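Structure at a glance
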Amino acid sequence: SPCMPEHGIGDDLGKHQSKLALESRAYPVFTYDPDKGDLPEECFNLDGNPAMEDDWPSYTLTYVDENGSAGSLELPLTFADFAVTEARFRKHFKKAPRDTWNDDMVPVADFLKLDADDREGKYPFVWAVDAKNRLSRVIVSEPVIKACEDRRHFWVMLKALAGIGKDVDIQAIKDETRVDVVQKLTAGLLEMVGGGGSVPMVMPSMPAPAAAASEAPAEAAKATAVAPSGSGNGAPSGNGYMAPYLNSNECTGCGECVLVNPKIFGWNDKKQAVIRDASGGPYKDIVKAAEKCAARAIAPGIPADTSGKEIEKLIKRAAKYNS
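Residues numbered from 1 in each chain as written. Predicted model: local features only at pLDDT ≥ 70, side-chain atom pairs only at ≥ 80, totals over all residues. Heavy atoms only, no water.

1. Some points on the nonpolar core
Quick note on the threshold: Among buried residues, the Ala, Val, Leu, Ile, Met, Phe, Trp, Tyr and Cys ones that are joined through side-chain atoms within 4.5 Å form a nonpolar core. Burial here depends on accessible area, computed with a 1.4 Å probe over protein chains only, as a share of the maximum for the residue type. Under 20% is buried, over 50% is exposed, and the range in between is partly exposed. Helix and strand assignments follow DSSP, with helices taken as H or I runs no shorter than four residues and strands as E runs no shorter than two, numbered in order from the N terminus. When checking whether two residues touch, look at their non-hydrogen atoms; a contact exists if any pair is within 4.5 Å.
Counting residues in hydrophobic clusters, the biggest one holds 22 residues, and the most contacted among them are Phe79, Val108, Val140 and Cys148. Of all the elements, helix α4 (residues 79-83) adds the most residues to this core, at 4 residues. Here Val140 is in contact with Ala80, His92, Phe93, Val108, Pro124, Phe125, Val126 and Ile145, once residues within four sequence places are set aside. Grouped together as the second largest cluster of nonpolar side chains are 16 residues, Ile264, Phe265, Ala273 and Ile275 included.

The structure is reproduced here in structure tokens:
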């Protein structure tokens, strides 16, 4: 929790700054429950941190350009982006006049990816807006860059302890295998037809291709491949699978779902949330997004693979949002 006078922020910004500190990896949260198992990855839980697979979550910076038109940038939220909002770090930042902007200025997130030799002659900066909501570049000092590296290293360590990134995406493997089988089957049928042979009427025990009879076999295979990972309409399939669904028309634009996992959720051109890729992260992220959605616009559905860790609990949590 910040101290408003010491940190140099407004008296009404305590909650905002606490949230910003969490999301910028300045102070990530975790729980450790020794009763969960014997291994660290069983006991550590990082739920509550956004975009857990990434070094930094992203945020949208809105501004007004020289013509008075509204614009926006999707940017990584680094520790430097947090620090620039507090007066206690003021001496570590210096605004760069627009006429000094040049190619040697590099956004902090990109600067952090450079080797020491490649950083020579480069100036890290963060994007900001001035009093007129115009874009500005703020040069970042070396101590803040070191703090960013420290926060990133600590976050990587936490993810390693919690086993983030080690989970095998079983559903993705199943989908990939099914596509391969369908494509090989199609190729074999076409070869038999081309060679004058008869086509056997025995079909493999897999879902029928979701394509019209007039479509080419390759297109039918493609339709089958994408069906499990689409945004869906909430209708359950015969094996219990129900695709997740997001009613964008009810979205309030709060962005909580995108913060949970920007690989699963994204924005449409109306700045309403959509499901970008349902297989872009674990099922628990979809459930968490549904729980955070104030508009109740997200139905997590039921995953095709129910053998994951604590999956039954997640399905029960999702039930009230699927109804």
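2. Some points on helix α11 (residues 311-322)
Turn by turn, an α-helix covers 3.6 residues, leaving residues three or four places apart pointing in a common direction. To be explicit about the condition: A helix's residues, less one, multiplied by 1.5 Å, set its expected span. Each direction from the helix axis to a C-beta atom contributes to the arc, which is the arc of those directions.
Taking 1.5 Å of rise per residue, 12 residues should cover 16 Å, and α11 covers 15 Å from first to last C-alpha, within 8% of that figure. For α11, every residue scored as buried is listed here: Ile311, Leu314, Ala318 and Tyr321. Looking straight down α11, one finds its buried side chains confined to an arc of 65 degrees; they lie on one side. Residues of α11 that are exposed and angled more than 90 degrees away from the buried face: Glu312, Lys313, Lys316 and Lys320. Looking at the packing, one finds that the buried side of α11 touches α10 (283-292) and β12 (298-299).

3. A look at the packing of aromatic side chains
The line we're drawing: Centres within 6.5 Å are what make two rings of Phe, Tyr or Trp a pair, Trp counting through its six-membered ring; a difference in plane orientation under 30 degrees is then read as stacked, over 60 as edge-to-face, and the rest as tilted.
Counted by the stated rule, this structure contains 6 aromatic pairs. An angle of 40 degrees between the planes, with centres 5.4 Å apart, marks the rings of Phe30 and Phe44 as tilted. Of the two residues, Phe30 sits in the loop between α2 (14-23) and β1 (31-32) while Phe44 sits in strand β2 (residues 44-45), which places them 14 residues apart along the sequence. By relative accessible area, Phe30 is classed as partly exposed at 40%.

4. Some remarks on a negative patch on the surface
To be explicit about the condition: Each patch is assembled from residues with relative accessible area greater than 30% and no salt bridge, linking like charges that lie within 9 Å and nonpolar side chains (Val, Leu, Ile, Met, Phe, Trp, Tyr) that lie within 5 Å. Surface accessibility in these figures is a Shrake-Rupley result with a 1.4 Å probe; residues are shielded only by whichever protein chains are displayed. Within this document, salt bridges are pairs made up of a side-chain nitrogen of Lys or Arg and a carboxyl oxygen of Asp or Glu, the two lying within 4 Å of each other. Here the positive residues are Lys and Arg and the negative ones are Asp and Glu; neither His nor the chain ends is included. One atom stands in for each charge, and that atom is NZ of Lys, CZ of Arg, CG of Asp or CD of Glu.
On the surface, Asp115, Asp117, Asp118 and Glu120 cluster together into a patch of negative charge. For Asp115, the location among the structural elements is in the loop between α5 (108-111) and β7 (123-129).

5. Quick word on the sheet that holds strand β8 (residues 135-140)
Condition: A pair of strands counts as paired when DSSP detects no fewer than two bridges linking them. Lines fitted to C-alpha atoms define the axes, with helix axes restricted to the stretch in contact, and inter-axis angles between N-to-C directions lie between 0 and 180 degrees.
Taken in spatial order, the 4 strands line up as β5-β8-β7-β6 in an open sheet, and their pairing is mixed. The outermost strands of the open sheet, each flanked by one partner alone, are β5 (93-96) and β6 (105-107). Taking the axes of each pair of neighbouring strands and ignoring which way they run, one obtains an average angle of 45 degrees across the sheet. With 5 bridges connecting them, β7 and β8 associate as antiparallel partners. Along β8, the bridge assignment pairs Phe125 with Ile139.

6. Observations regarding unusual backbone geometry
Of note, Ala51 is a non-glycine position whose phi angle comes to about 45 degrees, a positive value. Looking at the secondary structure, you find Ala51 in the loop between β2 and β3 (58-64). When its relative accessible area of 2% is taken as the criterion, Ala51 is described as buried. Unlike most non-glycine residues, Arg296 shows phi in positive territory, near 55 degrees. In this structure, Arg296 sits in the loop between α10 and β12. Here Arg296 falls in the partly exposed class, since its relative accessible area comes to 48%.

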